[in-house]
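Structural overview for review
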Amino acid sequence: MSERDDDPFRPRVGRSRTRGTGASSRFVNRVLKATTTAGPVGRARALGVPAAHGAKFGRGVVAARLAAARQGPRSRRVTVKIRLVKVGASGRPALRAHLRYLERAGVSPEGSPGQAYGATTDSADPEAFADRCGGDRHQFRCIVAPEEATDLGDLKTYTRGLLGRIEQDLATRLEWVAVDHWDTDNPHTHVVIRGTDEAGRDLIIARDYISHGMRARASELATEWLGPRSDREIRAGLDREVTADRWTGLDRTLQGLATDGRVDLHRIAGETRDPYRRSLLVGRLQRLTALNVAQAAGPTAWQLAPDAERTLRALGERGDIVRTMQRALGVGRTTYAVFDPTTATHPVIGRLAAQGLADAHHDHPYLVVDGVDGRAHYVRLPPTADGSQFPLGGIVSVSGRTGPRPADQTIAALAREGIYRPAEHLARARADGRAGQDPTEFVAAHVRRLEALRRAGIVERLPDGNWRVPPDLAVQGERVDQRRGRVAVEVQSTLPLEGQVRVVGATWLDRELIADKPVMAVQGFGGEVRQALDARADFLVEERLAARRGSRLVLARDLLKTLRDRELASVGATLAAQTGRLFRPLGDSRAVRGTYRQRLQLASGQFAVLDDGQGFSLVPWRPVLASRLGQAVSAVVRGNDVTWRVGRSRGLGP
């Protein structure tokens, strides 16, 4: 080897040739993923920085240690959950939805909607706050739940005091909004903090402060307000843990004392000399034995189940679910079920009794459906679903999706040599003219599906915007859906049951009357539906749309169409009188165009008002119109089918 400094050899780092199933297989992405998982210390080591420096990454390291050092057994207990959420432009709608949910009805002590507040105002504007967060890289969402929140009373003042101390620890002013919730057994406060400091830079908080510092500050403030915990309060809290059907601090202690899952009395005696403490641990072991998560392994030993923690956490979650359904339906209901989309063989049909977030910290939505089968069903929705779109009191159908997704099958069919090209798909969609579909939105939905599969490591996004997909994309996509659980919710009627009995329109009750032997329970909501069906039948007889032949009910031919046409004629006449324009009823097959003016929610469904300048028509509404209000659109109606096109189209119209 030459020792000359001007050696012509120059090494060049080439492109990684590793091939994999997704973008995570690329070398740089794998390094970034590994360092992110390793945390601040791991990132410091990866960059060659001593571990002591990595542990000091972010604001609040020293404050976290000082606050934790002042904590003792008599400090008031406060649960603090903190989640870092990436925002960006795409996250602004999600933040708005989160803030709207926090201000939902029924969360105040009086049962009224919640009111957001800030450091200096009792009436903050969540929409303006969301706009200011639009350029932030991230934000912090917190839940602060003091154990004695009812004794504190004024959560608003307490929260402001806590945020003031956090600002001192982080050496910066913070912008935040908060909403107090009193609708659960444990009153708590939701706080959203912008991810920027007072200078507009990204706010980086040390992991130690997030994990321990904020909770220590909250505990410190609660202790100052209420005083240290007395011996009686400490014992009462520990006694509750002995019989709790959830994962507790006593379980965590027993887990630390166990050797291969085995806990011996001698180990317990070595852990503490306090006979009361030993009695608590032994009592907890006896309770775990009754819950079948532990069993006696001799006169002085117990064997913990390998999945004890998971089982106890699941029990706690189920208890939360039962309390949620009791709040929605009353404590008298005894039959509850959790909907499992992977095993469901029949859809659940019933009245939507409640909706919300099972975990408001992570925005996991849920529905409570009072089923016609006499049971109350708890339905978990995907994290990205918007449960607020479903009408409370309306009739919904919930089913588990099975089989491969049509979108996955379409992508696999259009891929050439393993490459899916959205531009080609868009050109084909425009040529096909799919019914009720905007081609751009249609293809965009396929791209969003690919993004989800990319995160699962199944497909790869190429630099040119195309996608590398495997030949068995549909099979792999179905496996992902089975792991996550696929739930499909369909609105059967936005009208409550009592509102359908005597309304002129094609209702869900009419479809049930036409159905062959609908299955209804005698008790609960099923019994209510039976009574409503009898009352609806009497109404149809009055309207000469049905007749009784002994015990049989004979319905008129084309009952649903007749009811729908009557409702549209009545609504059209009302709108014509209000606007002075001519109402043009649609026939069985007709092309129509105009400006989309309004969406109407009728008993027969949703309809769009199309105004052509002289008159208007009522056309079945489709999701493609969601963002097209005030725009020129055209439609072709053939019976119950409608094909929408956005923009002016030649040759359509009267």
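A brief look at the structure comes next.

About the thresholds
- Residues numbered from 1 in each chain as written.
- Predicted model: local features only at pLDDT ≥ 70, side-chain atom pairs only at ≥ 80, totals over all residues.
- Heavy atoms only, no water.
- Helix = DSSP H or I, 4+ residues; strand = E, 2+ residues; numbered from the N terminus.
- Buried < 20%, exposed > 50% of the residue type's maximum accessible area, 1.4 Å probe, protein only.
- Contact = heavy atoms within 4.5 Å.
- Areas by Shrake-Rupley, 256 points an atom, 1.4 Å probe, with all protein chains shown as cover.
- Phe/Tyr/Trp six-rings, centres within 6.5 Å; stacked < 30°, edge-to-face > 60°.
- 1 Å grid on protein atoms, 1.4 Å probe; cavity = no way out; pocket = protein on both sides within 12 Å on 5 of 7 lines; lining within 4 Å.
- Points joined across faces, edges and corners; volume = space filled by probe spheres on them.
- Axes fitted to C-alpha atoms, helices over the stretch in contact; angles between N-to-C directions.
- Parallel < 35°, antiparallel > 145°, perpendicular 65-115°, else oblique.
- Nonpolar A, V, L, I, M, F, W, Y, C, P; charged D, E, K, R; others polar.
- Pairing = 2+ DSSP bridges.

1. Remarks on the overall build of the protein
- Summing up its helical and strand segments, the protein has 20 helices and 24 strands in all.
- A buried classification covers 43% of the 654 residues belonging to the protein.
- Within the protein, counting contacts between residues at least 6 apart in sequence, those at least 24 apart form 64% of the total.
- In the structure as shown, the protein presents an accessible area of about 35,600 Å², 50% of it carried by carbon and sulfur atoms.

2. Some points on the packing of aromatic side chains
- Scanning all chains against the criterion turns up four aromatic pairs.
- When the centroid spacing of 6.2 Å and the interplanar angle of 85 degrees are considered together, the rings of Y117 and W176 count as edge-to-face. Separated by 59 residues along the polypeptide, Y117 in the loop between α4 (92-102) and α5 (126-132) and W176 in strand β3 (residues 176-181) bring together distant segments of the chain.
- W176 sits in the buried class, given a relative accessible area of 5%.
- Aromatic side chains Y366 and Y378 sit 5.3 Å apart centroid to centroid with 15 degrees between the ring planes, which places their arrangement in the stacked category. Note that Y366 is positioned in strand β10 (residues 364-371) and Y378 in strand β11 (residues 376-380), a separation of 12 residues in sequence.

3. Some points on empty space enclosed by the protein
- One pass over the structure, following the stated rule, counts three cavities of 30 Å³ or more.
- The space that makes up the largest cavity amounts to roughly 50 Å³.
- Looking at the largest cavity, the residues that line it are V80, C142, V144, L162, L163, I166, V191, I193 and M214.
- Among the secondary structure elements, those contributing two or more residues to the lining of the largest cavity are β2 (138-146), α7 (155-170) and β4 (188-194).

4. Structural notes on the packing of helix α10 (residues 249-257) against helix α12 (residues 275-290)
- The geometry of α10 relative to α12 is characterised by a closest axis approach of 10 Å and an angle of 90 degrees between their N-to-C directions. By the criterion of interaxial angle, the relationship of α10 to α12 is roughly perpendicular. Seen from α10, the contacting residues are L250, D251, T253, L254 and L257; seen from α12, they are R277, L280, L281, R284, L285 and L288.
- In terms of residue class, the contact of α10 with α12 is built from seven nonpolar, one polar and three charged.

5. Thoughts on the sheet that holds strand β6 (residues 294-296)
- Taking strand neighbours across the sheet as the criterion, the three strands line up as β5-β7-β6 in an open arrangement whose pairing is antiparallel. Each of the sheet's edge strands pairs with one partner strand only, and the pair in question is β5 (262-264) and β6. Along the sheet, successive strands turn relative to each other by an average axial angle of 25 degrees, direction set aside.
- Strand direction decides the pairing type here: β6 and strand β7 (residues 301-304), joined by three bridges, are antiparallel. If you follow A296 over to β7, its bridge partner there is W302.
- Across the sheet, α12 touches β5, β6 and β7, and the angle it forms with β7 is around 50 degrees.

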